[in-house]
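# Topology and contacts: notes
The primary structure of each chain is shown beneath.
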Amino acid sequence: MLLPDKYVAVERSLLGQAANILRHREADRTVSELWSALVADDSSWTFDRFAMALSLLFGFGVVGLQNGILVWTAQ
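In this report, the structure presented in the accompanying data block is examined. (Residues numbered from 1 in each chain as written. Predicted model: local features only at pLDDT ≥ 70, side-chain atom pairs only at ≥ 80, totals over all residues. Heavy atoms only, no water.)

Let us look at the packing of aromatic side chains. One pass over the full model with this rule turns up four aromatic pairs. Each ring, one from Trp35 and one from Phe47, has its centre 5.2 Å from the other, and the planes form 85°; the classification is edge-to-face. Pair noted here: Trp35 is in helix α2 (residues 31–41) and Phe47 is in helix α3 (residues 47–59), with a separation of 12 residues, a long-range link. Arranged with centres 5.3 Å apart and planes meeting at 50°, the rings of Trp35 and Phe50 form a pair that is tilted. Of this pair, Trp35 sits in helix α2 while Phe50 is found in helix α3, placing the two residues 15 residues apart along the sequence. Of the residues examined, Trp35 reaches a relative accessible area of 21% and is grouped as partly exposed. (Phe/Tyr/Trp six-rings, centres within 6.5 Å; stacked < 30°, edge-to-face > 60°. Helix = DSSP H or I, 4+ residues; strand = E, 2+ residues; numbered from the N terminus. Buried < 20%, exposed > 50% of the residue type's maximum accessible area, 1.4 Å probe, protein only.)

Take a look at the structure:
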């Protein structure tokens, strides 16, 4: 589910997982490094959900990719 509802908790929704990715943006990393950091914190992540959440952030213009490194936009 994209949005949380009565049956899907915020942290399990795609929007909640995208927010969790934003908590790990302190340094420029590769996609693999970000994936490793997320799985180390919470082993319930699946790569499919990670890819969808990262794609959502890319669609919103929050993150880009330059030379294989994730680049976060200034806020």
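Picking up where we left off.
Counting residues in each nonpolar core, the largest one holds 15 residues, and the members touching the most others are Ile21, Leu34, Phe50, Leu54, Leu57 and Trp72. Sorting the residues of this core by element identifies α1 (14–22), α2, α3 and β2 (69–72) as the ones contributing at least two each. The element that contributes the greatest number of residues to this core is α3, accounting for five residues. Setting aside chain neighbours within four positions, we find Phe50 in contact with Ile21, Val31, Leu34, Trp35, Leu38 and Trp45. (Core = buried A, V, L, I, M, F, W, Y, C linked by side-chain atoms within 4.5 Å. Contact = heavy atoms within 4.5 Å.)

Once that is clear, we can look at the side chain of His24. Structurally, His24 is set in the loop between α1 and α2. When its relative accessible area of 11% is taken as the criterion, His24 is described as buried. If we ignore the near neighbours within four places in the chain, the residues touching His24 are Arg29, Leu34, Ala37, Leu38 and Asp41.

What follows is about the packing of α2 against α3. Remark: α2 packs on α3, axes separated minimally by 11 Å, with the N-to-C direction vectors making an angle of 120°. As judged from the angle between their axes, α2 and α3 are oblique. Both α2 and α3 take part in a crossing whose hand is right-handed. Mapping the contact onto sequence places Val31, Leu34, Trp35 and Leu38 in α2 and Phe47, Phe50 and Leu54 in α3. For the contact of α2 with α3, the residue count by class is seven nonpolar, no polar and no charged. (Axes fitted to C-alpha atoms, helices over the stretch in contact; angles between N-to-C directions. Parallel < 35°, antiparallel > 145°, perpendicular 65-115°, else oblique. Left-handed = near helix turned anticlockwise from the far one by under 90°. Nonpolar A, V, L, I, M, F, W, Y, C, P; charged D, E, K, R; others polar.)

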